[in-house]
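Residue-level structural notes
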Amino acid sequence: MKLDLREIASNVGKSYNYEIREECAESEDLRCTKPIVGSINFTNTGNLIVARGKLETEIELECSRCLEKLTIPVNVKIDEQLPIPVFQTAFVEQEDVDEEEEEPLFRDNVFDLSEYIRQVVLVEVPIQPLCSDTCKGLCPTCGTNLNQGLCNCPVDVEASPFAALASMLEEEDTEEKE
Ligand SMILES: [Zn+2]
Ligand SMILES: [Zn+2]
């Protein structure tokens with residue numbers, strides 16, 4: 001969704017509420033399991049449009065230990081300032097505008113809400129998501145998901161630091177052979 005804020009940009013003090021309801025754009029780095037809902041208010045404060053609001057959704061991730069799918073709720077507070085291009089009128093040739101100076105999400109008084117949402121939700125994605133703080137992960141030897149039950153591998157591997165070291169060295173050996 002791209003919002004045309006031209007009318008707000010040209011009227012100091014003018015304010016506009018927008019109810020957010022978007023399907024998540026599926027991409028490699030982001031998968032939502034719920035629509036993105038929320039609200040955002042745009043207010044012209046003079047030389048800025050202040051955007052405030054909130055949105056929420058739920059995203060699907062993979063546990064970094066056991067690789068099972070998990071969903072986490074995402075709540076984002078929106079607090080942005082969009083500079084109003086002062087000399088930008090219908091009569092100004094757009095070629096004259098310094099492209100690099102422009103805010104890419106807010107161009108020609110049009111706010112790219114979908115792209116903005118994608119970016120703020122992405123920021124909320126944890127680097128190492130966990131299905132649970134107590135996730136036991138996968139057995140390093142056989143790959144069994146240890147949350148679902150024990151495997152037949154020796155259980156004292158973690159108990160003894162020497163055994164753990166030995167298994168680490170073993171892993172390195174197999175990696176080198178590959
Ligand atoms: Zn897990
Ligand atoms: Zn195992």
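Just above, that's the structure.
First things first, this report covers the structure right here in the doc.

1. Digging into the sheet that holds strand 3 (residues 36–44)
- Across the sheet, four strands lie side by side as 2-3-4-5; this open sheet has antiparallel pairing. On the outer flanks of this sheet lie strand 2 (15–22) and strand 5 (69–83), each paired with one strand and no other. Across the sheet, the axes of successive neighbouring strands diverge by a mean angle of 15 degrees, strand direction being ignored.
- Of the pairings in the sheet, the one linking strand 4 (residues 48–62) to strand 5 comprises 15 bridges and is antiparallel in character. Directly across from Ala51, in strand 5, lies its bridge partner Glu80.
- Its contacts with the sheet put helix 2 (residues 113–123) on strand 2, strand 3, strand 4 and strand 5, and the angle it makes with strand 2 is roughly 65 degrees.

2. Quick word on the coordination of the zinc ion (ligand 2)
- Bound to the zinc ion (ligand 2) are the protein donor atoms Cys139 (SG), Cys142 (SG), Cys151 (SG) and Cys153 (SG), situated 2.2 to 2.4 Å from the metal.
- On the primary sequence, the residues serving as donors to the zinc ion (ligand 2) are separated as C-x2-C-x8-C-x1-C. In this pair, Cys142 is assigned in the loop between helix 2 and helix 3 (161–177) and Cys153 in the loop between helix 2 and helix 3, connecting sequence segments 11 residues apart.
- Judged by its relative accessible area of 41%, Cys142 falls in the partly exposed class.
- For Cys153, a relative accessible area of 17% corresponds to the buried category.

3. Thoughts on the packing of aromatic side chains
- With the rule as written, the count across this model stands at three aromatic pairs.
- Measuring from centroid to centroid gives 5.7 Å for Phe42 and Phe111, while their planes differ by 75 degrees, and the two rings are edge-to-face. Separated by 69 residues along the polypeptide, Phe42 in strand 3 and Phe111 in strand 7 (residues 110–112) bring together distant segments of the chain. Each member of the pair, Phe42 together with Phe111, is buried.
- Ring geometry for Phe111 and Tyr116: centres 5.4 Å apart, planes at 50 degrees, overall tilted.
- One aromatic cluster is present, formed by Tyr16, Phe42, Phe111 and Tyr116 through successive ring pairs.

4. Quick look at the sheet that holds strand 6 (residues 106–107)
- Pairing is antiparallel across the open sheet formed by three strands, whose spatial order is 1-7-6. Pairing within the sheet leaves two strands with one partner each, and these edge strands are strand 1 (2–4) and strand 6.
- Strand direction decides the pairing type here: strand 6 and strand 7, joined by two bridges, are antiparallel. If you follow Arg107 over to strand 7, its bridge partner there is Val110.
- Its contacts with the sheet put helix 2 on strand 1 and strand 7, and the angle it makes with strand 7 is roughly 35 degrees.

5. Side note on helix 2
- For helix 2, every residue scored as buried is listed here: Leu113, Tyr116, Ile117, Val120 and Val121. The arc that holds every buried residue of helix 2, seen down its axis, measures 125 degrees, which confines them to one face.

6. Comments concerning the environment of Cys131
- Relative to the elements of secondary structure, Cys131 occurs in the loop between helix 2 and helix 3.
- Not counting residues within four places of it along the chain, the set of residues in contact with Cys131 comprises Cys63, Cys66, Leu70 and Asn147.

7. Here's the deal with the side chain of Asn41
- Position of Asn41 relative to the elements: it lies in strand 3.
- A polar side-chain atom of Asn41 sits 3.0 Å from a polar atom in the side chain of Ser15.
- Among the polar contacts made by the side chain of Asn41, one reaches the side chain of Thr43 at a distance of 2.7 Å.

What counts, and at which threshold
Residues numbered from 1 in each chain as written. Chains lettered and ligands numbered in written order. Predicted model: local features only at pLDDT ≥ 70, side-chain atom pairs only at ≥ 80, totals over all residues. Heavy atoms only, no water. Pairing = 2+ DSSP bridges. Helix = DSSP H or I, 4+ residues; strand = E, 2+ residues; numbered from the N terminus. Axes fitted to C-alpha atoms, helices over the stretch in contact; angles between N-to-C directions. Contact = heavy atoms within 4.5 Å. Donors = N, O, S within 2.8 Å, 3.2 Å for Na, K, Ca; no water. Buried < 20%, exposed > 50% of the residue type's maximum accessible area, 1.4 Å probe, protein only. Phe/Tyr/Trp six-rings, centres within 6.5 Å; stacked < 30°, edge-to-face > 60°. Arc of directions from axis to C-beta. Polar contact = N/O pair within 3.5 Å; in protein donor to acceptor, adjacent residues only side chain to side chain.

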